[in-house]
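Inside the fold
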Amino acid sequence: MRDLLGGKGAGLAEMTRLGLPVPPGFTLTTEACRTYLATGAEPPTLHGEVSAHLAALEERMGGRRLGRGDDPLLVSVRSGARFSMPGMMDTVLNIGLNDTAVHALAARSGDERFAWDSYRRLIQMFGHTVLGIDADRFEEKLAIARDAVGVATDAELNSRHLRGVVRQFRDLVVEHTGHDFPQDPREQLDLAVRAVFDSWNGDRARLYRRQEGIPDDLGTAVNVVAMVFGNLGPDSGTGVAFTRDPASGAQGVYGDYLPNAQGEDVVAGIRNTVPLAELARLDRASYDELLRIMEVLENHYRDMCDIEFTIERGRLWMLQTRVGKRTAAAAFRIATQALDQGLIDAEEALRRVTGEQLTQLMFPRFDVNHHARPVATGIPASPGAAVGVAVFDSATAVARAAAGERVVLVRRETNPDDLDGMLAAEGILTSRGGKTSHAAVVARGMGRTCVCGAEELRVDAAARRLTLPDGTVVAEGETLSVDGSTGHVYRGELPVVPSPVMEYFEGGGTPPTAGDAPDELVTAVHRLMTEADRRRRLGVRANADTAEDAARARRFGARGIGLTRTEHMFLGERRALVERLILAEDDAERGAALDALLPLQRQDFRELFQAMDGLPTTIRLLDPPLHEFLPDLTELSVRVATGEGGAADDRLLAAVRRLHEQNPMLGLRGVRLGLVVPGLFSMQVRAIAEAAAAHHAAGGDPRPEIMIPLVGTVRELELVRADADRVVAEAAPSLTIPLGTMIELPRAALTAGEIAGSADFFSFGTNDLTQTVWGFSRDDVESSFFAAYLEKGIFPASPFETLDTEGVGALVRTAVEKGRAARPDLKLGVCGEHGGDPDSVHFFHAAGLDYVSCSPFRVPVARLEAGRAALTPPT
Ligand code: PEP
Ligand code: MG
């Protein structure tokens, strides 16, 4: 009943039902809060209901009355929403104390000091949270009192001093509100409840909800609970505990205890706590009971719980419980332990881990105990912990790495020319660009650590240095540590710990054997991956451009390649050949360029088929934005203007001018290029067919699939297809090679029925589809205004990262429907970056796709999330 009672209220109610020692109390529901927030007044029946429940509470407390009589009942008033919002809303303790009750409390407890200290705490908390008096005013008065007495801590103030403090606090209340501190216990209660309701809309709470994605309209419940005191002497105390270690997931209780203290003292860290085990020595009976209760709670919630408790004069009271927060490693271990112990089934175990957590486990990390301070922070684009010397260009990265140094490549932004350097580097740091910038996408694909868009850094590649926000300079060769999980950048070398989970995947995911004392975490990951694979309906393929990537993808569990970007095969030295092809002025020039490219491509594909033997290998024909293959217009113009270049440069400049585009992403690329440059696509198709035929002849099992990029109309596809079919029939007559298209333009999605007539498969290019549906330039927008959009809540996550299901997703669904209607056996996949994003994977499952394809390093995450997407919803 967390919706109605909030997390804390539900936990208290549940523990009460289980017969555990919970101080009696009652909960005002979130519904009451919502009415109050909507109308500005408590629901009309609330007052009467509180009276009835208060009377019942007094009854249960043996007739003690709130703030009255010789044994006055005191209560706490605490907030508690559906989702935990630690410290974001208000709490008032010791409600019920007043000028008479304080004497009764002193007599009853036999502790004068305790009574006055409790009263002082009430006025302080009430004054601040309910009456809105600046908390510092109270602290100032306390400091004056301490100075006057000549002591350092509040604990050293005696009852006489505290009486004086109470007097001063009451003066403060009168001064700020014009009224005396309310003496009527019921009035205190009603005002405190209202303050808790109001705190739902406090600045802190709103900010927290925005960050955590918690809806603003839930409201908070209010728990009114009889006070128990942990500060009544050495046989009292308070503590927090977890039923398993929330950091590692290791079995066995784990917690802290603070003798003779109230909960606030633990949170405030005023005194040092002792390990829970110490309680066994101090109070064996309470300790044993606590362990018994923790076992009851674990068995009941079937999960790791965290609890708060208080011991009042040797009597244990449970103040709170909930399913505890945990690290990624603990999540995997605890889910598997619970599965082994028969507490939960495999489906539930899968529900309790996420792809996000698995990602965290796959990267090496900086040792958590480092205390270094970051010198800058950027966008955490590709996780991991990279340490290396700063270098400012690709060639230096390659050279220094070849000499055995670890390097961090620092660029303003990267482009395809940086590929070698990125490959050679441990990590990549850029000052521009967001999570789908070139640096981010390529780094994720390579599994390199990347922090991008660290805008506070000034990168000066020419001078080989970068300037930190404080003005200091980092020169080439200085060591940097880059944390791709947090976006932090450090100077110097931080200690790194490798990931055993990554080693497991790199080893092909073979089950850990009992013989070599398997890491419990790796065993847990293997177990849950196996369960996910068993359940998933979505296939998982990889985006891979090289045999090496393909082999890794296979080890990581990919069953095929969903996208080979052939333009990545034309970088480096080969770029000149493409340049020659594009700029060719006659058939002879063009033919020569194509003849030079054909054997290179054939070899590329042969290697891919070998690595993916027996599995589908989708090769996409060339799709470069043209400018990536041509010399830079400005540089070339300068060369021509200064007369540095010869006649060849003049000719080149004219051609580059002619082909120059304002929006290359929307220009002559993809199928358009294939239709305009004669022979280009035919050459690629021929290379695929010949490579497949050769591999087949050698006894292999090649499964090529040819994919056409950026198709907007079926007419484009028909033209390419006619030519491709002819070439395949010629080059590999015994093979059938499916030919399909990417769906990455809105027009393609809307006319998917017609397109399906000429396609054997669709693969959704959700990068371009997002770009064209939103009209967002994928290379520019993330660094220019996405931060503002996220801040304003226009979208909760970048649509380039997590699929925009309402917009882009609607087009995906449309195309699925139209495509399948036209051709029921149409194979459907996705190869945009979203193929490895957990939320998006769930959408693709629901949309009925056959597979997702993502970078090799995200294959395990896609497998896990595809398995989780196939679970039956919990009842
Ligand atoms: C896409 O657009 O989603 C896609 C996979 O192609 P690229 O990112 O290469 O444009
Ligand atoms: Mg694309």
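Since the model is a prediction, treat every value here as computed from it, not as a measurement.

What follows covers the packing of aromatic side chains. The full count for this structure, using the stated rule, is 19 aromatic pairs. Summarising the aromatic geometry, the rings of Phe 114 and Phe 229 are spaced 4.8 Å apart at their centres and angled 85° between planes, so their arrangement reads as edge-to-face. Pair noted here: Phe 114 is in helix H5 (residues 112-130) and Phe 229 is in the loop between strand S4 (220-226) and strand S5 (237-244), with a separation of 115 residues, a long-range link. For the pair formed by Phe 114 and Phe 229, the shared burial category is buried. Aromatic rings pair up to connect Trp 774, Phe 776, Phe 785, Tyr 789 and Phe 795 into one cluster. In this structure, Arg 209 is placed above the aromatic ring of Trp 200, and the distance from its NZ or CZ to the ring centre is 3.8 Å.

Taken together, three strands build an open sheet; the order of strands is S17-S18-S19 and the sheet is antiparallel. Two strands bound the open sheet, and with one partner strand each, they are strand S17 (458-460) and strand S19 (473-475). The mean inter-strand angle of the sheet, taken between neighbouring strand axes irrespective of direction, is 20°. One ladder, built from three bridges, connects S17 with strand S18 (residues 465-467); its direction is antiparallel. Across the sheet, Asp 460 pairs through a bridge with Arg 465, a residue of S18.

Neither face of strand S28 (residues 761-764) is left uncovered, since the one carrying Phe 761 and Ser 763 and the one carrying Phe 762 and Phe 764 both have all their residues buried. For strand S27 (residues 739-743) and S28, the ladder comprises three bridges, and the chain directions are parallel. Bridging from a neighbouring strand, Met 742 pairs with Ser 763 of S28. Pairing geometry for S28 and strand S29 (residues 827-830), over four bridges, is parallel. By the bridge assignment for S29, Phe 764 is matched with Val 830.

With that settled, the discussion passes to the coordination of the magnesium ion (ligand 2). Around the magnesium ion (ligand 2), the protein supplies Glu 744 (OE) and Asp 768 (OD) as donor atoms, at distances of 2.0 to 2.1 Å. Of the two residues, Glu 744 sits in the loop between S27 and helix H29 (746-750) while Asp 768 sits in helix H31 (residues 766-774), which places them 24 residues apart along the sequence. Across the pair, Asp 768 and Glu 744 agree in class, each one buried.

A few words on the pairing of strand S24 (residues 561-565). Buried residues dominate S24, accounting for five of its five residues. Two elements, strand S23 (residues 539-543) and S24, share two bridges in a ladder whose sense is parallel. Bridging from a neighbouring strand, Ala 542 pairs with Ile 561 of S24. Where the polypeptide runs from S23 across helix H21 (residues 547-555) and back to S24, its parallel neighbour, the crossover connection is right-handed. With three bridges connecting them, S24 and strand S25 (residues 616-620) associate as parallel partners. Looking at S25, one finds that Arg 565 is bridged to Arg 620.

There is a patch of nonpolar side chains on the surface, built from Leu 675, Val 676 and Leu 719 and spanning about 260 Å² of accessible area. Of note, Leu 719 is situated in helix H28 (residues 714-731).

The figure often quoted for interface size is the accessible area lost as the parts come together. Along its sequence, the chain is carved into domain 1 (2-228), domain 2 (229-326), domain 3 (328-360 + 500-522), domain 4 (363-497) and domain 5 (536-624 + 669-869). One C-alpha centre belongs to domain 1, the other to domain 2, and the line joining them spans 22 Å. Listed per partner, the contact involves 20 residues of domain 1 and 24 residues of domain 2. Around 2,100 Å² of area is buried between domain 1 and domain 2 when both sides are counted, 62% of it from carbon and sulfur atoms. For domain 1, the biggest contributors to the area lost against domain 2 are Pro 21, Phe 114 and Val 228; these three give 29% of the whole.

In this section: the nonpolar core. Membership of the largest hydrophobic core comes to 127 residues, with the highest contact counts inside it found for Phe 332, Leu 358, Val 525 and Ile 708. Here the element with the most residues in this core is helix H27 (residues 680-697); it accounts for nine residues. In contact with Phe 332, other than residues within four places in its own chain, are Val 353, Thr 354, Gln 357, Leu 358, Leu 361, Leu 521, Ala 524, Val 525, Leu 528 and Leu 864. Counting residues in each nonpolar core, the second largest holds 56 residues, with Leu 28, Val 102, Tyr 119 and Leu 122 among its members.

The next thing to look at is the site of ligand 1. Every one of the 14 residues lining ligand 1 counts as a neighbour, but Arg 565, Gly 765, Asn 767, Asp 768 and Arg 778 are closest to it. With respect to ligand 1, the backbone of Asn 767 contributes an N or O atom lying 2.7 Å from an oxygen atom. Within the contact set of ligand 1, an oxygen atom lies 2.9 Å away from a side-chain nitrogen or oxygen of Asp 768. Considering ligand 1 on its own, with 290 Å² of exposed area, one finds that the protein chains cover 96% of that surface. Only S24 and H31 provide two or more residues apiece to the shell around ligand 1. No other element matches the three residues that H31 contributes to the shell around ligand 1. When the residues that make up the shell around ligand 1 are grouped by side-chain class, the tally is three nonpolar, four polar and seven charged.

The antiparallel open sheet is built from five strands, whose spatial order is S7-S6-S5-S8-S9. In this open sheet, the two strands that pair with only one neighbour each are strand S7 (274-275) and strand S9 (315-323). Here six bridges tie S5 to strand S8 (residues 305-312), and the two strands are oriented antiparallel to one another. Looking across to S8, one finds that Ala 241 is bridged to Ile 307.

Attention now moves to unusual backbone geometry. Excluding glycine, most residues fall at negative phi; most peptide bonds, likewise, are trans. Even without being glycine, Asn 94 reaches a positive phi, approximately 65°. By secondary structure assignment, the location of Asn 94 is in strand S3 (residues 91-95). Asn 94 sits in the buried class, given a relative accessible area of 0%. Positive phi outside glycine occurs at Arg 464, with the angle close to 55°. For Arg 464, the location among the structural elements is in the loop between S17 and S18. The exposure class assigned to Arg 464 is partly exposed, which follows from its relative accessible area of 34%.

Here is what the cut-offs are and how they apply
- Residues numbered from 1 in each chain as written.
- Chains lettered and ligands numbered in written order.
- Predicted model: local features only at pLDDT ≥ 70, side-chain atom pairs only at ≥ 80, totals over all residues.
- Heavy atoms only, no water.
- Phe/Tyr/Trp six-rings, centres within 6.5 Å; stacked < 30°, edge-to-face > 60°.
- Helix = DSSP H or I, 4+ residues; strand = E, 2+ residues; numbered from the N terminus.
- Buried < 20%, exposed > 50% of the residue type's maximum accessible area, 1.4 Å probe, protein only.
- Lys NZ or Arg CZ within 6 Å of the ring centre and 35° of its normal.
- Pairing = 2+ DSSP bridges.
- Axes fitted to C-alpha atoms, helices over the stretch in contact; angles between N-to-C directions.
- Donors = N, O, S within 2.8 Å, 3.2 Å for Na, K, Ca; no water.
- Right-handed = clockwise from strand over helix to strand, strands pointing away.
- Patch = residues over 30% accessible without salt bridge, like charges linked within 9 Å, V, L, I, M, F, W, Y side chains within 5 Å.
- Areas by Shrake-Rupley, 256 points an atom, 1.4 Å probe, with all protein chains shown as cover.
- Salt bridge = Lys/Arg side-chain N within 4 Å of Asp/Glu carboxyl O.
- Domains from an automatic or database assignment.
- Contact = heavy atoms within 4.5 Å.
- Buried area = accessible area lost by both parts, 1.4 Å probe.
- Core = buried A, V, L, I, M, F, W, Y, C linked by side-chain atoms within 4.5 Å.
- Near = heavy atom within 4 Å.
- Polar contact = N/O pair within 3.5 Å; in protein donor to acceptor, adjacent residues only side chain to side chain.
- Nonpolar A, V, L, I, M, F, W, Y, C, P; charged D, E, K, R; others polar.

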